[in-house]
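# Topology and contacts: notes
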Amino acid sequence: MLQLSRPDLLVTQAYANGLWLDGTARIAVHNPATGALVAEVADCTVEEVNHAIDAAAIAQRDWAARTGKERAALLRAWHDLMIAHADDLAMILTAEMGKPLAEAKGEVLYGASFIEWFAEEAKRVYGDTIPGHQRDKRILVLKQPVGVVGAITPWNFPNAMITRKAAPALAAGCTMVVRPASETPLSALAMARLAEEAGIPPGVFSVLPSSDAAATGQAFCAHPKMRKISFTGSTRVGKILMQQGAAQLKKLSLELGGNAPFIVFDDADLDAAVEGAIVSKFRNAGQTCVCTNRIYVHNGVYEDFVERLSAAVAKLPVGDGFAAGTAIGPLISDAAVNKVRAHIDDALAKGARIALGGAAHALGGTFFEPTVIAEATSQMAVARDETFGPLAAVFRFDSEDEVLEAANASEFGLASYVYTNTLSRVWRMMEGLDYGMVGVNTGLISTEVAPFGGVKESGQGREGSKYGIEDYLEIKYCCLSI
Ligand code: ADP
């Protein structure tokens, strides 16, 4: 059992329109490190989802009518409660998702930072005045909330993927219905408990777990009062939502898959590059959409880099997220393990060699050895497809042009990373990489103050920063004849 200072944060009921619902069926939530049952939560029906959307539409009128400052005060209270209960939220997160407790705490603080940021932004939703085009005309531009927003979120960041959407939405005057991943509904429900406690009004923020993701997605797309869907997950499902949403031209924010290149030039600080590669590749056991997937290293420093990377990765402790010192927890599922294995087998068959690891971990279950493979090439599955696991594939390159072309040869365009100490090359890479985000001499780029998002098939829209709230605002042009 989890030793929580607030046991009531382990919520098993759904939260819709300010009411706690038992549901008729249950979703079992298991700890991926042990397989143990953590809790059984309400499994909501499409009818319940539709009611929640209706209620959110009614609640939205009053919520939008409040001043930005009033909404900000409630968001700030929600943020403060999340900070006050960060240890409990982190334990719930590790129990349902498996990431190391310190990383879970980091996620909770990161998640809360979006609420703080957008509470501040709620007061700064500025419109515009435009000089009239005729003598009697005055032109105003109003920014208004989009309306009810549906959020569909993944299991890899059970807390932050929700706050990145809910905070700007609520700040803008939208209301939100969240369908969390069924692997990890507990973090979302704990946040709903704290939202209620903070005084966020009924219907403004609802959380409805459902084991039938496709049915919820369809219900979100079909409900006429649902004005927008914000989704984080695979490109495959993002496309389904875009197709389904087309019937009513639903607005969409999509944070989808990536295939991040990590480029190390021969003038880079290799120790810093190794450190950056580790944090960007092995954070969350490789299960983030900005995780490095392809490490391109200049021929001149290739062997040296592979050796240093392997030595550093060998020191990463693998274990239960609750065990002290764990750096890498279990993967989320057997399917996730099988994908890592398939990428390794495919690479070996096509000429790669294992520099470190390469097999299931002795701990069993879904634990996998942190792995480094050398001599990766563009022919291998790992070059095209996000592994989403603890596998670092190291490719070779000779020239800047060659590596830029290889890095951009992907239908994805989320995060990218470059290590070099040549200023002019930094600019060429920043401008030349077809990605929504570029880390230069750093492997860690996520923060609430910057716009996170992708290009190409990695999605559309931005989360965080002054740009993040725009996803939840409409522009209204008013022409006054005076
Ligand atoms: P991941 O590989 O991260 O699980 P998915 O895109 O499969 O990526 O899942 C992201 C979220 O989308 C999860 O909450 C999942 O349950 C949900 N989901 C899966 N299929 C659909 C669908 N057809 N419509 C809406 N949501 C879906």
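Residues numbered from 1 in each chain as written. Predicted model: local features only at pLDDT ≥ 70, side-chain atom pairs only at ≥ 80, totals over all residues. Heavy atoms only, no water.

A few words now on the sheet that holds strand E5 (residues 128–130). Spatially, 3 strands are ordered E5-E6-E22 in an open sheet, and the strand pairing comes out antiparallel. Lying at the two open borders of the sheet, with one neighbouring strand each, are E5 and strand E22 (473–481). Adjacent strand axes in the sheet meet at a mean angle of 25 degrees when their direction is disregarded. Note: strand E6 (residues 137–145) against E22, 9 bridges, orientation antiparallel. Within the sheet, the bridge partner assigned to Pro 145 lies in E22 and is Leu 473. (Pairing = 2+ DSSP bridges. Helix = DSSP H or I, 4+ residues; strand = E, 2+ residues; numbered from the N terminus. Axes fitted to C-alpha atoms, helices over the stretch in contact; angles between N-to-C directions.)

Surrounding the ligand, one finds 13 residues, the nearest of these being Thr 153, Trp 155, Arg 179, Phe 231 and Ser 234. Here an oxygen atom of the ligand sits 2.7 Å away from a polar atom, N or O, in the side chain of Arg 179. Between the ligand and the protein, one listed contact pairs an oxygen atom with a side-chain N or O atom of Ser 234 at 2.6 Å. With the chains in place, 78% of the 550 Å² that the ligand exposes on its own is no longer accessible. For the shell around the ligand, the elements supplying multiple residues, two or more each, are helix H7 (213–222) and strand E10 (226–232). Within the shell around the ligand, the residues separate by chemical class into 7 nonpolar, 5 polar and 1 charged. (Near = heavy atom within 4 Å. Polar contact = N/O pair within 3.5 Å; in protein donor to acceptor, adjacent residues only side chain to side chain. Areas by Shrake-Rupley, 256 points an atom, 1.4 Å probe, with all protein chains shown as cover. Nonpolar A, V, L, I, M, F, W, Y, C, P; charged D, E, K, R; others polar.)

Bringing unusual backbone geometry into the picture now. The phi angle at Asn 17 is positive, at roughly 55 degrees, despite the residue not being glycine. By relative accessible area, Asn 17 is classed as partly exposed at 34%. Notably, Phe 388 is not glycine yet its phi reads approximately 55 degrees, a positive angle. The residue Phe 388 is located in the loop between helix H12 (381–384) and strand E16 (391–397) in this model. (Buried < 20%, exposed > 50% of the residue type's maximum accessible area, 1.4 Å probe, protein only.)

On to the UniProt feature "active site" (unreviewed entry) in the chain, then. Within the UniProt annotation, "active site" (unreviewed entry) is assigned to Glu 255. Looking at the secondary structure, you find Glu 255 in strand E11 (residues 251–255). A relative accessible area of 3% means that Glu 255 is categorised as buried. (UniProt positions renumbered as here; feature names shortened; annotations may be inferred.)

This part covers the packing of aromatic side chains. If you walk through the whole model with that rule in mind, you get 8 aromatic pairs. Summarising the aromatic geometry, the rings of Tyr 110 and Phe 114 are spaced 5.0 Å apart at their centres and angled 80 degrees between planes, so their arrangement reads as edge-to-face. One end of the pair, Tyr 110, and the other, Phe 114, are both in helix H4 (residues 101–121), 4 residues apart, so they sit about a helical turn from each other. Of the residues examined, Tyr 110 reaches a relative accessible area of 17% and is grouped as buried. Residues Tyr 296 and Phe 395 carry aromatic rings whose centres are separated by 5.0 Å and whose planes lie at 40 degrees to one another, so their mutual orientation is tilted. One end of the pair, Tyr 296, is in strand E13 (residues 292–298); the other, Phe 395, is in strand E16, and 99 residues separate them in sequence. Per residue, the accessibility class of Tyr 296 equals that of Phe 395, and both read buried. Here the aromatic cluster, defined as three or more aromatic residues joined through ring pairs, consists of Phe 262, Tyr 417 and Tyr 419. Arg 164 extends its terminal NZ or CZ atom over the ring of Phe 452, reaching a point 4.0 Å from the ring centre. Of note, Arg 193 hangs over the ring of Trp 20, and the distance from its end group to the ring centre comes to 4.7 Å. (Phe/Tyr/Trp six-rings, centres within 6.5 Å; stacked < 30°, edge-to-face > 60°. Lys NZ or Arg CZ within 6 Å of the ring centre and 35° of its normal.)

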